[in-house]
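# Report on the structure
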Amino acid sequence: MSNGQGAFTVDLDDIQGLLAFGYGKLKEASFLLLDVRDATAAREWLSRCTVNNAVKLDSAPPTALHVALSCPGLRALGVPEDIVQGFSPEFVAGMSSDESRARRLGDVGNNDPAYWHWGNASEVVPHVVVLLYAVKDRLAAWQDKVLTECAAGFTLVKCLTTTDMDGHEAFGFRDGISEPRIDWDRERAAVDQELREYTNIACLGEFVLGYPNEYGEYTERPLLDAQRDPGGQLPRAEDEPDMADLGRNGSYLVLRQLRQDVGGFWQFVDRVADGDAAAREHLAEAMVGRTTEGDALIPTGERIPGEQDPRNTFTYRGDEEGLHCPIGAHIRRSNPRNTDLPPGANGFFSWAIRTLGFDADALANDHVSSTRFHRLMRRGREYGTRQTLSQALVAPPEPAHTDRTYDGTGLHFICLAANITRQFEFVQSAWLAGVRFDSLHGESDPLLGNRQPDPIGAPTDSFSIPVANGCDRRVTGLPQFITVIGGGYFFMPGIRALRFLSKVKP
Ligand code: HEM
């Protein structure tokens with residue numbers, strides 16, 4: 001696609017379609033976790049499997065297939081180690097590689113990788129994930145066909161099935177509402193400037209490697225000496241035209257299997273609400289930050305560049321205290337919708353005063369890092385059995401987290417990002433698992449928190465709801481509602497890079 005920047009083009013036909021589409025019409029999906037059993041046969045399948053690209057078609061295809069590889073997967077395919085080391089350190093290390101990463105991601109206590117059902121040590125990190133999407137009643141046959149075709153090269157470690165919950169996640173809230181809009185046309189100036197308004201448009205390089213990111217830079221990725229690609233199969237790097245760009249048109253894919261205790265969630269809010277249906281719903285909505293049907297809790301109608309969905313035309317600028325949407329609500333933590341400058345920095349003088357540091361109060365209020373460097377493209381799908389509210393209210397307790405045979409109901413959380421650390425790990429650790437956020441302390445995300453005491457032993461199991469002209473209402477004793485039971489970091493290559501990887505000489 002050509003764009004406003006002359007010679008630069010965006011190779012939509014080389015980009016896996018998952019970066020551009022959520023496949024909302026393809027209601028069925030499954031994620032196949034595969035291990036390489038025979039490298040030659042595995043490479044052969046990867047060299048010819050049909051992967052959907054990002055070119056927009058007149059109508060949605062009936063099926064779609066995407067492929068992403070883990071670091072152990074690259075090694076199992078025989079990709080040379082110097083190429084492997086060109087990927088980002090966190091991808092090479094893996095999601096569950098060390099205690100420090102696990103602690104930062106909140107993967108301690110019941111979330112400890114030791115209890116995971118998959119992905120919990122280098123020998124059981126799946127080599128490849130194949131993501132299959134299909135229109136209704138087409139998945140089963142499609143999945144069988146793909147498994148048969150790749151059987152010579154791969155063994156199936158686990159098939160992550162999904163359930164169409166009609167646009168809702170398992171607690172019953174509408175999901176898939178707020179997503180960044182990728183600047184495919186590269187119209188937005190990719191320079192590190194101070195943004196004074198929240199925008200939903202994200203530089204292409206935030207999600208697709210090989211293009212400028214929000215800093216105006218090219219995210220680290222493996223660049224190869226051109227002689228390693230004599231046939232010119234790989235695109236050349238935009239920033240280093242003599243190098244073959246193995247990252248270009250690819251992205252990182254983060255997959256986490258999150259088991260949701262739906263009964264535990266609704267029974268807890270019901271208890272706090274003393275069985276009052278309206279109070280119960282109000283509390284649950286305050287924890288999420290939206291109504292169950294997905295409406296914002298605060299007035300909408302702001303002009304947000306790149307945003308068309310009226311449910312997203314808001315920021316938290318007029319609600320600094322969190323009276324409409326609590327500061328700790330899940331959606332406010334995961335996307336504080338702020339700018340590079342503290343709130344209120346509108347006119348030039350105000351901007352100059354604040355930027356020069358004269359307005360200490362305003363700066364003190366701006367504890368939250370600027371959103372535009374921490375956006376995620378979410379592509380998760382629900383799994384398990386959808387429960388109604390009345391079923392959830394009487395559901396028996398879930399089996400313990402140590403029961404590895406029980407996957408229960410939940411979310412296969414998937415997000416795409418060019419920089420796992422700056423995007424996924426930052427949001428997960430600083431904003432969701434972190435017990436200090438904005439003006440809050442001693443509490444983490446009301447949905448995802450692991451409720452483990454903080455390093456000095458203080459509890460983290462509360463949720464604050466600001467009250468006008470009074471002290472916050474503090475709901476305490478939140479149990480853990482969501483448990484991590486698997487996860488991994490994968491590289492979703494551009495299609496030419498996938499073919500290159502299937503041929504590269506060990
Ligand atoms: C089972 C676990 C989870 C549940 C039930 C859940 C639920 C929700 C719901 C109901 C919404 C509002 C609908 C929407 O805007 O699409 C939402 C938004 C969001 N969630 Fe989650 N979520 C979960 C896990 C996560 C994780 C692990 C992350 C990141 C590491 C995350 C990041 C986000 C983001 C970025 C938004 C959009 C916020 C915005 O732009 O306003 N979520 N989530």
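Up top is the structure these notes are about.
Residues numbered from 1 in each chain as written. Predicted model: local features only at pLDDT ≥ 70, side-chain atom pairs only at ≥ 80, totals over all residues. Heavy atoms only, no water.

## Digging into helix α13 (residues 421-433)
Stated precisely, the cut-off is as follows: Under the DSSP-based scheme used, a helix requires at least four consecutive residues in state H or I and a strand at least two consecutive residues in state E, with every element numbered from the N terminus. An expected span of 1.5 Å times one less than the residue number is assigned to each helix. We define the bend at any residue as the angle between the axes fitted to the seven residues before and including it, ending there, and the seven starting there.
For α13, which comprises 13 residues, the first-to-last C-alpha distance of 14 Å sits more than 12% below the rise-based estimate of 18 Å (1.5 Å per residue). In α13, a bend of some 35° at Val427 exceeds every other bend along the element.

## Examining the packing of aromatic side chains
Test applied: Stacked, edge-to-face and tilted are the three classes for Phe, Tyr and Trp ring pairs, Trp counted by its six-membered ring, which pair at centre distances within 6.5 Å; planes under 30 degrees apart are stacked, over 60 edge-to-face, the rest tilted. Burial classes follow relative accessibility: with a 1.4 Å probe on protein chains only, a residue under 20% of its type's maximum area counts as buried, one over 50% as exposed, and anything between as partly exposed. By definition here, charges over rings are those cases where NZ of Lys or CZ of Arg is within 6 Å of the ring centre and within 35 degrees of the ring normal.
This structure, assessed with the given rule, holds 18 aromatic pairs. Geometrically, the ring pair formed by Phe91 and Tyr252 is tilted, given 5.4 Å between the ring centres and 45° between the ring planes. Of the two residues, Phe91 sits in helix α4 (residues 89-93) while Tyr252 sits in strand β9 (residues 251-260), which places them 161 residues apart along the sequence. The class for Phe91 is buried, based on a relative accessible area of 1%. The rings of Phe171, Phe173, Phe265, Trp266, Phe268 and Phe481 are connected pair by pair, giving a single aromatic cluster. Just above the ring of Phe314 sits the side chain of Arg337; from NZ or CZ to the centre is 3.9 Å.

## Thoughts on the pairing of strand β1 (residues 28-36)
As a general feature of sheets, a regular strand has side chains that alternate between the two faces. Put simply, the rule reads: Here a strand pair is declared whenever DSSP counts at least two bridges between the two strands.
β1 sits mainly inside the fold: eight of its nine residues count as buried. The pairing of β1 with strand β3 (residues 128-134) spans seven bridges and is classified as antiparallel. Bridged to Ala29 within β3 is Tyr133. Where β1 and strand β4 (residues 154-161) come together, seven bridges link them in antiparallel fashion.

## With respect to the site of the ligand
What counts, and what does not: One heavy atom within 4 Å of a molecule or strand makes the whole residue count as near it. Polar contacts, as counted here, are pairs of nitrogen or oxygen atoms within 3.5 Å of one another; within protein the pair requires one atom able to donate a hydrogen and one able to accept it, and residues that are adjacent in sequence qualify only if both atoms are side-chain atoms. Residues are grouped as follows: Ala, Val, Leu, Ile, Met, Phe, Trp, Tyr, Cys and Pro are nonpolar; Asp, Glu, Lys and Arg are charged; all remaining types, including Gly, are polar.
For the ligand, the set of nearby residues contains 25 residues, the closest of which are Ile177, Ser178, His330, Asn335 and Arg378. Ile177 has a polar backbone atom sitting 2.6 Å from an oxygen atom of the ligand. Residue Asn335 places a side-chain N or O atom 2.9 Å away from an oxygen atom belonging to the ligand. Secondary-structure elements contributing two or more residues to the shell around the ligand are β9, α9 (330-334), β12 (410-417) and α13. Among the residues making up the shell around the ligand, the classes are represented as twelve nonpolar, seven polar and six charged.

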